[in-house]
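# Structural overview for review
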Amino acid sequence: MIATHTFNPSVDITYNIDSLKVGEVHRATTTIKNPGGKGINVTKVLHILGAKYCAYGYLGGGHGKWIGKSLQQGNIQSDFTFFQGETRQCIAINDGINQTEILERGPIISAEAQAKYLEKLKLHSLDTTVVTISGSTPQMEGNSNLLHMKNVLECYTQSYNIVDTNAQDLKRLIKEALPIHCIKPNLSEFETLINKKGLSIEECIQHLNTHENFKHLDVFLTLGEAGAVIKWKNEIYRATLAQRKIVNPVGSGDATVAGIAYGVHECLEPLLMIRLAIACGTSNALQKQTGHVDIKQVEKIKNEVEVERL
């Protein structure tokens, strides 16, 4: 089974407007409301792929109930931990040219809810083959974000663990020598991980081969329209794909993580896993809905991804 984790889910609301003018009143042409959070996006794509999975996370208040009900209506398998408080909302304003986002920080998760969460994971850890941990961590009562992540990862000593969080937290987690097996940074995050800026693709490849941070990790470095560079089992791969007209790039990284997780769970050969992950990320970017892929489109794009072992 694949276990997905979303510590800080949200109700994602997108307002589409004609143009954004600071200080003026705007009327939305359309409003889109979705259960959000990076791990929930991963889960939705895994569901479409037909994976065996379970979504874990913290939910609270009216927003949390709405997320739980929405996922249930979509037949998403979940086992959330509920807490006293309110799940956050995140607002995106799209004027057809730029997307402006307002992200709430998130609630405070009680020590009691944290203990229930960990107990739940320990009961199911032996049934779990792949774990994804995605997105930010809200405030933890009596605990640091790093220690909470450490406690969760230490429940999963027998699984393949993929972590996709902000670069500063990820850098600290890597130095802790926790059971992390794969990361999926974009270029900006990758540069933060090694404290360098303005890297070329060739320089990225060099650092993947030599930097201490990546010595024991699989790394799926996404480069937007330039494709990806992947370090997998000490081999380096370069993946490219013909450019397409992007509709909504939000959640594409999460769809890529879903493709990696599914590929590992199904024991796909590296080339097939890479093609699937790239196809999932690309298909998500071609949809209006976040955390969604078209399975027929994924199958078509897979065959168009070019992967070279360097």
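Worth saying up front: this structure is predicted, and the values here are computed from it rather than measured.

So, about the packing of aromatic side chains. Here the structure, examined in full by the defined rule, presents four aromatic pairs. Taking the centre distance of 6.0 Å and the plane angle of 65° together, the rings of Phe7 and Tyr117 count as edge-to-face. Here Phe7, found in the loop between strand E1 (2-6) and strand E2 (10-16), pairs with Tyr117, found in helix H3 (residues 111-124); they are 110 residues apart in sequence, far enough to count as distant. Residue classification places Phe7 among the buried positions, given a relative accessible area of 1%. Among the aromatic residues, ring-to-ring pairing joins Phe7, Tyr58 and Tyr117 into one connected group. The ring of Trp66 carries the charged tip of Lys33 above its face, separated from the ring centre by 4.6 Å. One cation-aromatic arrangement involves Lys233 over Trp232; the distance from NZ or CZ to the ring centre is 5.4 Å.

As a further point, take the pairing of E1. Burial runs high along E1: five of the five residues are buried. Of the two faces of E1, the one carrying Ile2, Thr4 and Thr6 and the one carrying Ala3 and His5 are both buried. Here E1 pairs with strand E9 (residues 130-134) via four bridges, running parallel. In the sheet register, Ile2 faces E9, and the bridge partner there is Val130.

A few words now on the environment of Ala258. By the element assignment, Ala258 lies in helix H8 (residues 252-265). Counting along the chain gives 219 residues from Ala258 to Gly39, while the straight-line C-alpha distance between them is 9.2 Å.

The next subject is the packing of H8 against helix H9 (residues 270-285). Each pair of packed helices can be described by the angle between their axes along with the distance between the axes. H9 packs onto H8 with a crossing angle of 150° between their chain directions and a minimal axis gap of 7 Å. Judged by the angle between their axes, H8 and H9 are roughly antiparallel. For the pair H8 and H9, the crossing hand works out as right-handed. Mapping the contact onto sequence places Ser252, Ala255, Thr256, Gly259, Ile260, Tyr262 and Gly263 in H8 and Met273, Leu276, Ala277, Cys280, Gly281, Asn284 and Ala285 in H9. When its residues are assigned to classes, the contact of H8 with H9 shows eight nonpolar, six polar and no charged.

Attention now moves to the pairing of strand E7 (residues 99-103). Bridging between strand E6 (residues 88-94) and E7 involves five bridges; their strand directions are antiparallel. Residue Ile93 lies in a different strand from E7, and its bridge partner there is Thr100. Between E6 and E7, which follow one another and run antiparallel, lie four residues, and Gly96 among them has a positive phi close to 90°.

It is worth spelling out the nonpolar core at this point. Judged by nonpolar contacts, the single largest core of 46 residues is most densely connected at Leu46, Phe220 and Ile274. Per-element tally for this core: the top contributor is H9, with seven residues. For Ile274, the residues in contact, after removing those within four places along its chain, are Phe220, Ile230, Tyr237, Ala239 and Val307. Judged by nonpolar contacts, the second largest core, of 41 residues, contains Met1, Phe7, Val131 and Leu199.

Time to look at the side chain of Asp95. Examined against the element boundaries, Asp95 turns out to sit in the loop between E6 and E7. Lys21 is the oppositely charged side chain nearest to the buried, salt-bridge-free Asp95, at an N-O distance of 10 Å. Reaching out from Asp95, the side chain makes a polar contact with the backbone nitrogen of Ile97 at a distance of 3.0 Å. A polar atom in the side chain of Asp95 sits 2.7 Å from the backbone nitrogen of Asn98. Those residues in contact with Asp95 that lie beyond four places of it in its chain are Ile17, Asp18, Ser19 and Leu20.

Time to look at the packing of helix H5 (residues 167-175) against helix H6 (residues 187-194). Relative orientation of the contacting elements H5 and H6 amounts to 45°, with a least axis distance of 9 Å. Judged on the interaxial angle alone, H6 and H5 are oblique. Both H5 and H6 take part in a crossing whose hand is right-handed. Mapping the contact onto sequence places Ala167, Gln168, Leu170, Lys171 and Ile174 in H5 and Glu189, Thr192 and Leu193 in H6.

This brings us to the sheet that holds strand E13 (residues 218-222). The strand order across the open sheet built from ten strands is E5-E4-E1-E9-E11-E12-E13-E14-E15-E16, with neighbouring strands paired in mixed fashion. Unpaired on one side and paired on the other, strand E5 (81-83) and strand E16 (306-309) mark the two borders of the sheet. As defined by bridge partners, strand E15 (residues 235-240) adjoins E16 across four bridges and the pair is classed as antiparallel. From the neighbouring strand, Thr240 faces E16, where its bridge partner is Glu306. Together, E1, E9, strand E11 (160-164), strand E12 (182-183), E13 and strand E14 (228-232) form the strand contacts of H8, whose direction differs from that of E11 by roughly 175°.

Cut-off values and rules
- Residues numbered from 1 in each chain as written.
- Predicted model: local features only at pLDDT ≥ 70, side-chain atom pairs only at ≥ 80, totals over all residues.
- Heavy atoms only, no water.
- Phe/Tyr/Trp six-rings, centres within 6.5 Å; stacked < 30°, edge-to-face > 60°.
- Helix = DSSP H or I, 4+ residues; strand = E, 2+ residues; numbered from the N terminus.
- Buried < 20%, exposed > 50% of the residue type's maximum accessible area, 1.4 Å probe, protein only.
- Lys NZ or Arg CZ within 6 Å of the ring centre and 35° of its normal.
- Pairing = 2+ DSSP bridges.
- Axes fitted to C-alpha atoms, helices over the stretch in contact; angles between N-to-C directions.
- Parallel < 35°, antiparallel > 145°, perpendicular 65-115°, else oblique.
- Left-handed = near helix turned anticlockwise from the far one by under 90°.
- Contact = heavy atoms within 4.5 Å.
- Nonpolar A, V, L, I, M, F, W, Y, C, P; charged D, E, K, R; others polar.
- Core = buried A, V, L, I, M, F, W, Y, C linked by side-chain atoms within 4.5 Å.
- Lys, Arg positive; Asp, Glu negative; His and termini not counted.
- Salt bridge = Lys/Arg side-chain N within 4 Å of Asp/Glu carboxyl O.
- Polar contact = N/O pair within 3.5 Å; in protein donor to acceptor, adjacent residues only side chain to side chain.

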